[in-house]
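Understanding the architecture of this molecule
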Amino acid sequence: MESISGWQVRLLGGIASWVVFSSMLNVTGKIRSLTQPWVSHQVISGTPISLKIQKYQHGFLDGLFTALSCVVSVPFYTAFLPLLFWSGHCKLARQMTLLMAFCDYIGNCIKDVVAAPRPSSPPVRRVTATEDEKENAMEYGLPSSHTLNTVCLSGYLLHYVLSYAEISDIFTQLVGLATICLVVGLIGLGRIYLGMHSLIDVIGGLIIGLGVLAIWLSIHEYIDAFVVSEQNVSTFWTVLSLLLLFAYPTPEFATPSFEYHTAFNGVALGIVIGIQQTYHHFHHEDVPRLFTSDLAILAFLGRALVGIPTILLVKFCSKALAKWILPIVANILGIPVKSTSYIPTLSVSAMSKKSDGTRQAGYLQKLLFFSHQETFDVDTGIRLLQYTGLAWSVVDLVPYVFFRLGL
């Protein structure tokens, strides 16, 4: 049996302790009472700025900023990252995946802690041309996730390219930095123009993004070395993922933010588990890379045509399997569960028909006293397993299929 390092025990113990004490002391509520009034005031006072920007309303600008928002959205990265793994740039792909999960967690936690409103519409015109944007509009405002994610991921991408290509030319570095600044500026401007965020949201996303990027650049090599090692990684990351679900703050009102975090939490877990199993086979530094003689563009297109349907199939099967297994496991452990959307028989209305005293709380539920929940939403576990299976297939199952097919 693999030994557990002292730092792993301290980290997991620290998170678990934070979950308990923050719940007992109502830390989220206290922080919200301090920050929400000020941020809400900034959102209201920033309305004239939004209206001035929207005076330049034009169909071309609507399309441009909507397209830019889609290009840096979570669904885009979810589709792009598998292709990056299959292109042979495995280190960049796993680092950007874990960084995306980190950004998503930090940004959504702050959203639901502060619970600041988005700009009022009307008078601000809100453009939600896609279903993804309509869901984003249901979240709280501060910080702008698009701005935060763009700062972190584009900044890390620039760092990786300069380091990988060993570019020391100052002019090239400045051009790269200017390009990143232009992209971030357009994204921030677009979020205000589309009426999705106020100026304070964009500034907050920029500042938090720079902070997260600075932290990541100081620890990413250690994280990558740990992920590709054999030091109890899968077990540690599984426990970490579960603790992060409980450590997530309770919002003032329900928003999609927790669902987004759960999905990317599962993605990170699946990637780590898959890399652990197949690093020396498919993800080491000597694998064929795109645009080289070892991996031609046609072979890469073949990988995409085979890989994308495969991971979608795994996602469907993982969800179906989780919907079947999790309620059974919860029943065995004596944990009362409900389902908000996935399992109609466990919906809130169906559960309300049952007597509250028909089942005694199980031992595991008693251990989770700090959650203050009478029932647990099984949809969270289903979503976690669904995206864990999806990500695992990206780095484990699909590369094996490529190997068997000669791709």
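What counts, and at which threshold
- Here the residue index of a chain counts from 1 through its sequence in written order.
- Given that this is a predicted model, residues contribute local features only at a pLDDT of at least 70 and side-chain atom pairs are listed and counted only at 80 or more, while totals for whole chains, interfaces and linings are drawn from all residues.
- No hydrogens and no water enter the side-chain calculation; it runs on all heavy atoms of the structure.
- Secondary structure is summarised from DSSP: a helix means a run of H or I of at least four residues, a strand means a run of E of at least two, and numbering begins at the N terminus for each.
- In this setup the radius of gyration rests on C-alpha atoms only. A globule is expected at 2.2 Å times the number of residues raised to 0.38.
- Only protein chains enter the accessibility calculation, which uses a 1.4 Å probe; a residue is then buried when its area is under 20% of its type maximum, exposed when over 50%, and partly exposed in between.
- The contact rule is simple, with two residues in contact once any of their heavy atoms fall within 4.5 Å.
- Under this definition, polar contacts are N or O atom pairs within 3.5 Å; protein pairs additionally need one hydrogen-donor-capable and one acceptor-capable atom, and for neighbouring residues in sequence, both atoms have to be side-chain atoms.
- Helix axes are fitted to C-alpha atoms over the stretch in contact, other axes to C-alpha atoms as well, and angles between N-to-C directions run from 0 to 180 degrees.
- The crossing is said to be left-handed when, going from far helix to near helix, the turn is anticlockwise and less than a right angle, and right-handed when the turn is clockwise.
- Three residue categories are used. Nonpolar comprises Ala, Val, Leu, Ile, Met, Phe, Trp, Tyr, Cys and Pro, charged comprises Asp, Glu, Lys and Arg, and polar comprises the others, including Gly.
- Just to be clear on terms, a salt bridge is a Lys or Arg side-chain nitrogen sitting within 4 Å of an Asp or Glu carboxyl oxygen.
- Roughly parallel here means an angle under 35 degrees, roughly antiparallel means over 145, roughly perpendicular means 65 to 115, and every remaining angle is called oblique.
- Put simply, a nonpolar core is a bunch of buried Ala, Val, Leu, Ile, Met, Phe, Trp, Tyr and Cys residues held in one set by side-chain atoms that sit within 4.5 Å of each other.
- To count toward a patch, a residue needs a relative accessible area over 30% and no salt bridge; like charges are then connected within 9 Å, while nonpolar side chains (Val, Leu, Ile, Met, Phe, Trp, Tyr) are connected within 5 Å.
- Only the protein chains shown count as cover for residues, with accessible areas throughout obtained via the Shrake-Rupley method and a probe of 1.4 Å.
- The length a helix should cover is 1.5 Å for every residue beyond the first.
- Criterion for a disulfide: a pair of cysteine sulfur atoms at a distance within 2.5 Å.
- Between 30 and 60 degrees the pair is tilted, below 30 it is stacked and above 60 it is edge-to-face, where a pair is any two Phe, Tyr or Trp rings, Trp via its six-membered ring, whose centres lie within 6.5 Å.
- A residue's pLDDT is the confidence the predictor assigns to it, expressed on a 0 to 100 scale.

Check the secondary structure of the protein chain and you find 16 helices and two strands. For 407 residues, the compact-globule estimate of 2.2 N^0.38 gives 22 Å, and the protein chain sits close to it at 22 Å. Considering only C-alpha atoms, the protein chain reaches an extent of 70 × 60 × 40 Å along its principal axes. In the protein chain, which comprises 407 residues, the share counted as buried stands at 48%. Sequence separation of at least 24 residues holds for 84% of the intrachain contacts in the protein chain that already meet a minimum separation of 6.

In this section: the side chain of His146. Structurally, His146 can be placed in helix 8 (residues 145–164). Residue classification places His146 among the buried residues on the basis of a relative accessible area of 8%. Side-chain polar atoms of His146 contact the backbone oxygen of Ser69, separated by 3.3 Å. Setting aside its immediate chain neighbours within four residues, His146 contacts Ser69, Val72, Ser73, Glu133, Asn136, Ile187 and Arg191.

Another point: the packing of helix 13 (residues 297–333) against helix 16 (residues 378–405). Here helix 13 crosses helix 16 at 145°, and the two axes come no closer than 7 Å. As for how helix 13 packs across helix 16, the hand of that crossing is right-handed. For the contact of helix 13 with helix 16, a count of residues per class yields 17 nonpolar, seven polar and four charged.

Turning to the pattern of salt bridges, a few remarks are in order. Scanning the entire structure with this criterion turns up five salt bridges. Notably, a salt bridge pairs Asp62 with Arg125, separated by 3.0 Å at the nearest N-O pair. Placement of Asp62 in helix 4 (residues 59–71) and of Arg125 in the loop between helix 6 (90–114) and helix 7 (131–136) is noted, with a sequence separation of 63 residues between them. For Asp62, a relative accessible area of 17% translates into the label buried. Taken together, the shared-partner salt bridges in this structure form one network comprising Arg94, Asp224, Glu285 and Arg289.

Below, the discussion takes up the packing of helix 6 against helix 10 (residues 199–227). Where helix 6 meets helix 10, the axes come as close as 10 Å, and the angle between the chain directions of the two elements is 135°. By the criterion of interaxial angle, the relationship of helix 6 to helix 10 is oblique. In this structure, helix 6 crosses over helix 10, and the sense of that crossing is right-handed. Contacts from Lys91, Arg94, Gln95, Leu98, Leu99, Phe102, Cys103, Ile106 and Ile110 in helix 6 reach Ile208, Val212, Trp216, His220, Glu221, Ile223, Asp224 and Val227 in helix 10.

This part is about the nonpolar core. Counting 60 residues, the largest nonpolar core has Phe85, Trp86, Leu98, Leu99, Tyr156, Trp237 and Ile275 as the members making the most contacts within it. Among the elements that take part in this core, helix 6 stands out by supplying 10 residues, more than any other. Here Ile275 is in contact with Phe85, Val227, Val228, His283 and Val395, once residues within four sequence places are set aside. Judged by nonpolar contacts, the second largest core, of nine residues, contains Ala330, Tyr342, Ile343 and Phe376.

Our next topic: a nonpolar patch on the surface. On the surface, Leu321, Trp324, Ile325, Ile328, Val329, Ile332 and Leu333 cluster together into a nonpolar patch covering about 680 Å² of accessible area. Tracing the backbone shows Ile328 in helix 13. We classify Ile328 as partly exposed; its relative accessible area is 41%.

With 20 residues, helix 8 should reach 28 Å at 1.5 Å per residue; the first-to-last C-alpha distance of 28 Å fits that figure. Counting buried positions along helix 8 gives 15 out of 20 residues, so the element sits mostly inside the fold.

Turning our eyes to something else, we now look at the state of the cysteines. Under the counting rule described, the total for this entry stands at zero disulfides. Of all cysteine sulfurs in the structure, the one in Cys152 sits closest to Cys103, which takes part in no disulfide; the separation is 3.4 Å. Cysteine Cys181 remains unbridged, with the sulfur of Cys152 as its closest cysteine sulfur at 14 Å. For Cys181, a relative accessible area of 49% puts it in the partly exposed group.

Another aspect to go through is unusual backbone geometry. Residue Ser121 is joined to Pro122 through a cis peptide bond whose omega torsion reads -10°. Tracing the sequence through the fold places Pro122 in the loop between helix 6 and helix 7. Residue Pro122 is joined to Pro123 through a cis peptide bond whose omega torsion reads 10°. By the element assignment, Pro123 lies in the loop between helix 6 and helix 7.

This brings us to the packing of aromatic side chains. Per the stated rule, a full pass over the model turns up nine aromatic pairs. On the numbers, 5.2 Å between centres and 45° between planes, the contact of Phe65 with Tyr193 is tilted. Of this pair, Phe65 sits in helix 4 while Tyr193 sits in helix 9 (residues 170–193), and the two are 128 residues apart along the sequence. Like Tyr193, Phe65 is buried. Their ring planes at 85° and their centres at 5.6 Å tell us that Trp86 and Phe402 sit as a pair that is edge-to-face. Here Trp86 is found in helix 5 (residues 74–86), whereas its partner Phe402 is found in helix 16, with 316 residues between them in sequence.

In this section: helix 6. Its 25 residues give helix 6 an end-to-end C-alpha distance of 36 Å, which sits within 8% of 36 Å, the value for a rise of 1.5 Å per residue. With its phi angle positive at about 55°, Ala115 sits one or two positions after the end of helix 6.

Counting all residues, the mean pLDDT for the protein chain is 83, and 91% of those residues have values of 70 or more. Counting interchain partners and residues more than four positions distant, the pLDDT-below-50 stretch residues 349–371 has 33 contacts.

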